Amino acid sequence: MTESNFEDHEAGVESVEFNNSIGRANGIRQSMVQYQHLLGPGRLSVALESPTGDFKGSDQPALNTGMNTISTNVQDKVPDFTAAYMYKDSWGHVQVMGVARDLSVDTGGAASANSTVTGGAKIQGEGSAFAGGGGISALIFTNKVDGKDNYITAQFEGGDGIGRYIQGIDTGSQAGYFNNATRVLHTEAAYGFTVAYRNWWSSTWRTNIIYGHTHASNFSAMDTADVTTNPNRSLDNVYVNLIWNPAPQIQMGLEYVLGHRIADGPTSTAVSKVSATTAPGATSVKNEAWGNRIQFATQYNF
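This report concerns the structure included in the present document. (Residues numbered from 1 in each chain as written. Predicted model: local features only at pLDDT ≥ 70, side-chain atom pairs only at ≥ 80, totals over all residues. Heavy atoms only, no water.)

Next up on the list: the nonpolar core. Soluble globular proteins: nonpolar side chains tend toward being buried together. Phe 6, Ala 25, Ile 28, Ala 84, Met 97, Val 99, Ile 162, Tyr 165, Ile 166, Ile 169, Ala 190 and Ala 216 form the largest nonpolar core, which has 12 residues in total. Beyond its immediate sequence surroundings of up to four residues, Ala 84 is in contact with Asn 5, Arg 43, Leu 44, Ser 45, Gln 95, Val 96 and Met 97. Formed by 6 residues, the second largest nonpolar core is a distinct cluster that contains Ala 196, Leu 235, Tyr 239 and Val 257. (Core = buried A, V, L, I, M, F, W, Y, C linked by side-chain atoms within 4.5 Å. Buried < 20%, exposed > 50% of the residue type's maximum accessible area, 1.4 Å probe, protein only. Contact = heavy atoms within 4.5 Å.)

All right, on to the pairing of strand S13 (residues 189-200) then. Note that strand S10 (residues 148-160) and S13 share 10 bridges and pair antiparallel. Counted as the bridge partner of Gln 155 is Thr 194 from S13. The sheet contact formed by S13 and strand S14 (residues 205-216) spans 11 bridges and is antiparallel. Paired with Asn 199 across the bridge in S14 is Thr 207. (Pairing = 2+ DSSP bridges. Helix = DSSP H or I, 4+ residues; strand = E, 2+ residues; numbered from the N terminus.)

In this section: the sheet that holds strand S4 (residues 42-49). Sheet architecture is open: 11 strands sit in the order S3-S4-S5-S6-S9-S10-S13-S14-S15-S16-S19, paired in antiparallel fashion. In this open sheet, the two strands that pair with only one neighbour each are strand S3 (32-39) and strand S19 (288-300). Neighbour-to-neighbour, the strand axes of the sheet open up by a mean angle of 10°, direction not taken into account. Note: S14 against strand S15 (residues 232-247), 11 bridges, orientation antiparallel. Bridge pairing in S15 places Gly 212 opposite Asn 237. (Axes fitted to C-alpha atoms, helices over the stretch in contact; angles between N-to-C directions.)

With that out of the way, let us pick up the pattern of salt bridges. On inspection of all chains with the given rule, the structure shows 9 salt bridges. Between Glu 7 and Arg 24 there is a salt bridge whose closest N-O contact spans 3.7 Å. Here Glu 7, found in the loop between strand S1 (2-3) and strand S2 (29-30), pairs with Arg 24, found in the loop between S1 and S2; they are 17 residues apart in sequence, far enough to count as distant. Residue class for Glu 7 comes out buried when judged on its relative accessible area of 9%. (Salt bridge = Lys/Arg side-chain N within 4 Å of Asp/Glu carboxyl O.)

For the rest of this paragraph, the subject is the pairing of S15. Along a regular strand, successive side chains alternate from one face of the sheet to the other. Note: S15 against strand S16 (residues 250-263), 13 bridges, orientation antiparallel. Directly across from Val 240, in S16, lies its bridge partner Tyr 256. A loop of 2 residues connects S15 with S16, the two strands running antiparallel in sequence.

Right, let's talk about the environment of Asn 143 for a bit. Among the secondary structure elements, Asn 143 is positioned in strand S9 (residues 126-145). Discounting residues that sit within four places of it in the chain, Asn 143 has contacts with Lys 148, Asp 149, Asn 150 and Tyr 197. Reaching out from Asn 143, the side chain makes a polar contact with the side chain of Thr 142 at a distance of 3.0 Å. (Polar contact = N/O pair within 3.5 Å; in protein donor to acceptor, adjacent residues only side chain to side chain.)

Summarising the element assignment, Glu 17 is placed in the loop between S1 and S2. Of the polar contacts made by the side chain of Glu 17, one reaches the side chain of Arg 293; its length is 2.4 Å. In terms of polar contacts, Glu 17 uses its side chain to reach the side chain of Gln 295, at 3.5 Å. Contacts of Glu 17, omitting those with residues within four sequence positions, involve Tyr 239, Glu 255, Arg 293 and Gln 295.

We now examine the packing of aromatic side chains. In this structure the tally under the stated criterion is 6 aromatic pairs. For the pair Trp 205 and Trp 244, a centre-to-centre distance of 5.3 Å together with 15° between the ring planes defines the contact as stacked. One end of the pair, Trp 205, is in strand S14; the other, Trp 244, is in strand S15, with 39 residues separating them in the sequence. The class of Trp 205 is partly exposed, set by a relative accessible area of 34%. Between Tyr 300 and Phe 302 the ring centres are 5.1 Å apart and the planes differ by 80°, which places this aromatic pair in the edge-to-face class. Tyr 300 gets classed as partly exposed once you look at its relative accessible area, which sits at 47%. For Phe 302, a relative accessible area of 95% translates into the label exposed. (Phe/Tyr/Trp six-rings, centres within 6.5 Å; stacked < 30°, edge-to-face > 60°.)

Structure follows, in structure tokens:
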């Protein structure tokens, strides 16, 4: 059990944030069978990894209540397949990677009153879809300070139904959407990227500047009557930190984070505003918001 093969572990970014930075391939820790082989100037790795259906749609008998939770009607019949090849040189490295997934759902034969079907027809169904995506990453050394490497790193990944393999795609639940009216499991296109720069000021002080972005298509085929939550359309995060090592096993970090969110759906966490499209006196909610924070952490490495 280890972090997914669909990630560049050697091109990581350093943040005080406990979670991975927005827009990177998500370092999911899961069970797998992995094989690595030195090939030319690089390394090839392939793996069969534990599947987890991460599309939205509540359990029967109330699928029509919307996308409030990740569906637990997933079947997870086939392991996820991942592959990556890393080319290394004195200037850094480049990695290409891919993931292939099988998404499947079965309502268990239970019937559901579906308000989106004329007459409130009873429906039951199952669906499946092939999903996956790919990515590319790089780490390029710039110079050294007191023997420490400064470098630029970048990563991009995207796909149709890639879902939880991108950090920030709505907490990993936007791989697809089970449409109650059509009984079809639709995959969702999404992408993310991260760019970062690490600069050592001395052998004990360093700064990381990180920008991450994600974008999701948000179920172009979904039944709008089922949108009871507010899935993220896009997220942007900027991190700037200063990290100090007062001793080899101790580090302290201070970090500023700026965040931007655009959501789809009928409501949002942002401040309400009057809309010209609503009835007099009614309000709708702005789906765009900004936020910022300062965070601090101390770490002791055993």
